[in-house]
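Secondary and tertiary structure notes
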Amino acid sequence: MKASLLLVLVLAAEPNLDELVERFYLGAKVALAENASCLDSDQQAWRRTLKACADAACLKRAYLGRLAVLQALQESVPAGLDLPAVPQLLWAISPASEGKSGGVALQVEGRLAYDGGGYSLRAEGGKTWLLVDDFSLRGTTAERMAQIRAASRDARLMARGIAGEGAGFDPRHCVYLYVLP
């Protein structure tokens, strides 16, 4: 069965899923402020993954998974949603400048640290991955990163983006920061 027909069947059975995903997406864009453009490509990538679903159950899982990813950026979440335990998007850091397309994907886990030169994730083995340097910190990101660090001292976080030179993310691409379940 084609993904578009499956989507119609899922939305007929669960009519609020598409509306909720759209509401969560728009809510996340508002929360991300000047970094909202990062969510556009992320949402488009998620929509492309729906094509891989071969049945209605897969589509329902995909929708619930997307809601779970975006729930940390919502002002409120409707009661009764059975959301899976997945990494939740806490923040996105927009590029410091326009980047070239492509690059090697990088995903790391660790604890958020601030070393006086920028924010990084420190892995269990001690390796540090720079997320954003002080020079690139601006606007809402400067405030939000300090809040995330204060609130997540013991939490394991995950960052994903494009690898930069050295031990860090390429500042010409969006970096996504998640809290792990």
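**Looking at helix 3 (residues 37-49)**
For helix 3, the complete set of buried residues consists of Cys 38, Leu 39, Asp 42, Gln 43 and Trp 46. When helix 3 is viewed along its axis, its buried side chains cluster within an angular range of 125° and face the same direction. On its buried side, helix 3 packs onto helix 2 (16-32), helix 4 (56-70), strand 1 (88-93), strand 5 (157-162) and strand 6 (175-179).

**Topic: the pattern of salt bridges**
This model, assessed by the stated rule, comprises 7 salt bridges. For Lys 29, the salt bridge goes to Asp 40, with nearest N and O atoms at 2.6 Å. Of the two residues, Lys 29 is situated in helix 2 and Asp 40 in helix 3; the sequence distance between them amounts to 11 residues. Classification of Lys 29 as partly exposed rests on a relative accessible area of 24%. Classification of Asp 40 by relative accessible area gives partly exposed; the value is 25%. Members of the salt-bridge network, linked through shared partners, are Asp 42, Arg 66 and Arg 160.

**A few points about the confidence of the model for the protein**
Low-pLDDT portions of the prediction should not be read for the details of their coordinates. Averaged over every residue, the pLDDT of the protein is 89; the share at 70 or more is 91%. Element-level pLDDT for the protein is lowest in helix 1 (residues 3-13), with a mean of 50, against a maximum mean of 97 in strand 6.

The rules behind each value
- Residues numbered from 1 in each chain as written.
- Predicted model: local features only at pLDDT ≥ 70, side-chain atom pairs only at ≥ 80, totals over all residues.
- Heavy atoms only, no water.
- Buried < 20%, exposed > 50% of the residue type's maximum accessible area, 1.4 Å probe, protein only.
- Helix = DSSP H or I, 4+ residues; strand = E, 2+ residues; numbered from the N terminus.
- Arc of directions from axis to C-beta.
- Contact = heavy atoms within 4.5 Å.
- Salt bridge = Lys/Arg side-chain N within 4 Å of Asp/Glu carboxyl O.
- pLDDT = per-residue confidence, 0-100.

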